[in-house]
Amino acid sequence: MKRIVVLLLALFTAICMLAGCGTENASQGNTSSTRVVTDIDGMEVTIPKDIKQVADLWHANNQVVLMLGGADTLVSTTKNVQGLPWFVKVYPRIKEIPAPVKGTDVQMEEIQKLNPQVVLASNKNQIEMARKAGLPAVRVNFTDYEGLRKTVAITAEVLGGKAIDISKQYLAYLDGNVKLAEEKTKHLSDAERPTVLHIVGGDNLLKVDGDKTIINEWIRYAGGKNAITAAGPQIVVTIEEIIKADPDIIIIGGTQAQKGIDQMMNDPQWASLKAVRNHRVYRNPVGTFNWDRYSAEAALQILWAGQIIQPQLFADINLVKETQKFYKDFLHFDLSGDDAERIIHGESPAN
């Protein structure tokens, strides 16, 4: 009888030990299977350790994910991204990814069905919708170069793995271009800096970008000054205000820039402007995203703007080769010289 009791006690102890070990291992497993990232608002978000399925609801950040080598993790994108010809050429699979997002409208039920491990978005309402749906949501957003740096770093942290090293390489390149441009233009007097009007797109020539924007920053880096002194992006102004500003240079962003230039050249009011008279009206480059705003290619924008605004100071830069190198190093794509030229001139791929 004593022997049976001893055996039962030994068996009970062994079971308890195994159960304890199992609980400890399970607990350790749960801890190691997640991690915490901090988003652009300082919010801590718990996400899985290994990220393989991402829903990216911000058009611009899809390009950041592509640059960081994470495009194959995308299970959801946006219709806007699928309409970008160079993005499609560089990464054709983007057309096959579900896109229940148009503008800021999102079908969260459709996103849920795609089982993303994490949602990336810039729109606060989208972030709240995702969190209410039980999905980890990380907010990314930027309106200046410092915000771009933070968004790249946050996105890299979410993706993990090789994305971290790529982000460091990219940020070093961006900082190098900023330093290069500032060194070239630091001796310019205010009078030597031409005024630059940046128009958002060719569909509305009265929507412009003012102070405290990434646009204002690259104009300054490149040796110019903004013709619009009011603060903020995408400000609607009157033609009278533009005529009063009488910019030395006009740059039009977006894929419809040529439409805006054609309209400008055939309108007597615009024809009176100094920039139009002197043929200093330009289409902004458009690659996998517009170079001028919300874009990783804003690193190249600094060099392009320098050649437009201060051509003598930036004459030593071969922008075609710079663009080819950027696409090779950061977008994992071999651009031909003709391709690079087309991007620089704001044109779609030839085929």
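Relevant structure appears above.
Calculation notes
- Residues numbered from 1 in each chain as written.
- Predicted model: local features only at pLDDT ≥ 70, side-chain atom pairs only at ≥ 80, totals over all residues.
- Heavy atoms only, no water.
- Helix = DSSP H or I, 4+ residues; strand = E, 2+ residues; numbered from the N terminus.
- Buried < 20%, exposed > 50% of the residue type's maximum accessible area, 1.4 Å probe, protein only.
- Polar contact = N/O pair within 3.5 Å; in protein donor to acceptor, adjacent residues only side chain to side chain.
- Contact = heavy atoms within 4.5 Å.
- Phe/Tyr/Trp six-rings, centres within 6.5 Å; stacked < 30°, edge-to-face > 60°.
- Lys NZ or Arg CZ within 6 Å of the ring centre and 35° of its normal.
- Pairing = 2+ DSSP bridges.
- Axes fitted to C-alpha atoms, helices over the stretch in contact; angles between N-to-C directions.
- Parallel < 35°, antiparallel > 145°, perpendicular 65-115°, else oblique.
- Left-handed = near helix turned anticlockwise from the far one by under 90°.
- Nonpolar A, V, L, I, M, F, W, Y, C, P; charged D, E, K, R; others polar.
- Core = buried A, V, L, I, M, F, W, Y, C linked by side-chain atoms within 4.5 Å.

Colleague: It is not clear to me how the side chain of His59 should be interpreted in this structure. Could you clarify?
Modeller: You can see His59 is positioned in helix α2 (residues 59-67). When its relative accessible area of 16% is taken as the criterion, His59 is described as buried. A polar contact of 2.8 Å, which involves the side chain of His59, links it to the side chain of Thr78. His59 has contacts with Thr78, Asn80, Val81, Gly103 and Phe289, leaving out every residue within four places of it along the chain.

Colleague: Would you take a moment to explain α2 for this structure?
Modeller: Among the 9 residues in α2, 9 count as buried, and that is most of the element. Among the residues trailing α2, Gly69 stands out with phi positive, at a value near 80°.

Colleague: I keep staring at unusual backbone geometry and nothing clicks. Help me out?
Modeller: Among all residues save glycine, negative phi is the norm, and among peptide bonds the norm is trans. For Lys212, which is not a glycine, the phi torsion comes out positive at approximately 60°. Considering the arrangement of structural elements, one finds Lys212 in the loop between β10 (204-208) and α9 (214-221). Phi is positive for Tyr294, which is not a glycine, with a value near 50°. Tracing the sequence through the fold places Tyr294 in the loop between β14 (281-283) and α14 (298-309).

Colleague: Can you help me understand the packing of aromatic side chains in this one?
Modeller: To describe a pair of aromatic rings, you give the distance between the ring centres and the angle between the ring planes. Going through the model one piece at a time under the given rule, you end up with 10 aromatic pairs. Here the aromatic rings of Trp58 and Phe142 are separated by 5.5 Å at their centres, their planes lie at 65°, and the arrangement is edge-to-face. Note that Trp58 is positioned in the loop between β3 (54-56) and α2 and Phe142 in the loop between β8 (137-139) and α7 (145-159), a separation of 84 residues in sequence. Residue classification places Trp58 among the buried positions, given a relative accessible area of 9%. Here the aromatic rings of Trp58 and Tyr294 are separated by 6.0 Å at their centres, their planes lie at 65°, and the arrangement is edge-to-face. With a gap of 236 residues between them, Trp58 in the loop between β3 and α2 and Tyr294 in the loop between β14 and α14 connect regions that are remote in the sequence. We note Lys184 situated over the ring of Phe314; from NZ or CZ to the ring centre the distance is 5.7 Å.

Colleague: Whenever I open this one, the sheet that holds strand β7 (residues 118-121) confuses me. Can you help?
Modeller: Sheet strands pair by backbone hydrogen bonding; their relative direction is either parallel or antiparallel. What the 4 strands build is an open sheet, ordered β4-β3-β7-β8; its pairing is parallel. Unpaired on one side and paired on the other, β4 (74-76) and β8 mark the two borders of the sheet. Sheet twist, expressed as the mean angle between neighbouring strand axes with direction ignored, is 35°. Sheet topology places β3 next to β4; 2 bridges connect them, and they run parallel.

Colleague: Sorry, what's going on with the packing of α9 against α14 here?
Modeller: In a pair of packed helices, the angle between the axes and the distance between the axes together describe the arrangement. At their nearest, the axes of α9 and α14 sit 8 Å apart, and the two run at 50° to each other. For the element pair α9 / α14, the angle class is oblique. The two elements α9 and α14 meet at a crossing, and its hand is right-handed. Between α9 and α14, the contacting residues are Ile214, Trp218, Ile219 and Tyr221 on the first element and Ala298, Gln301, Ile302, Ala305 and Ile309 on the second. Here the contact of α9 with α14 is built from residues that sort into 8 nonpolar, 1 polar and no charged.

Colleague: What's the story with the nonpolar core in this structure? I'm lost.
Modeller: It is characteristic of soluble globular proteins that their nonpolar side chains tend to be buried jointly. Core analysis: the largest hydrophobic core is formed by 76 residues, its most contacted members being Leu68, Val138, Tyr145, Tyr170 and Phe326. The element best represented in this core is α14, accounting for 9 residues. Apart from the residues within four sequence positions on either side, Tyr145 is in contact with Leu174, Ile214, Glu217, Trp218, Tyr221, Ala298, Gln301 and Ile302. Within the second largest apolar cluster, 20 residues are counted, among which are Leu197, Val237, Ile261 and Leu273.

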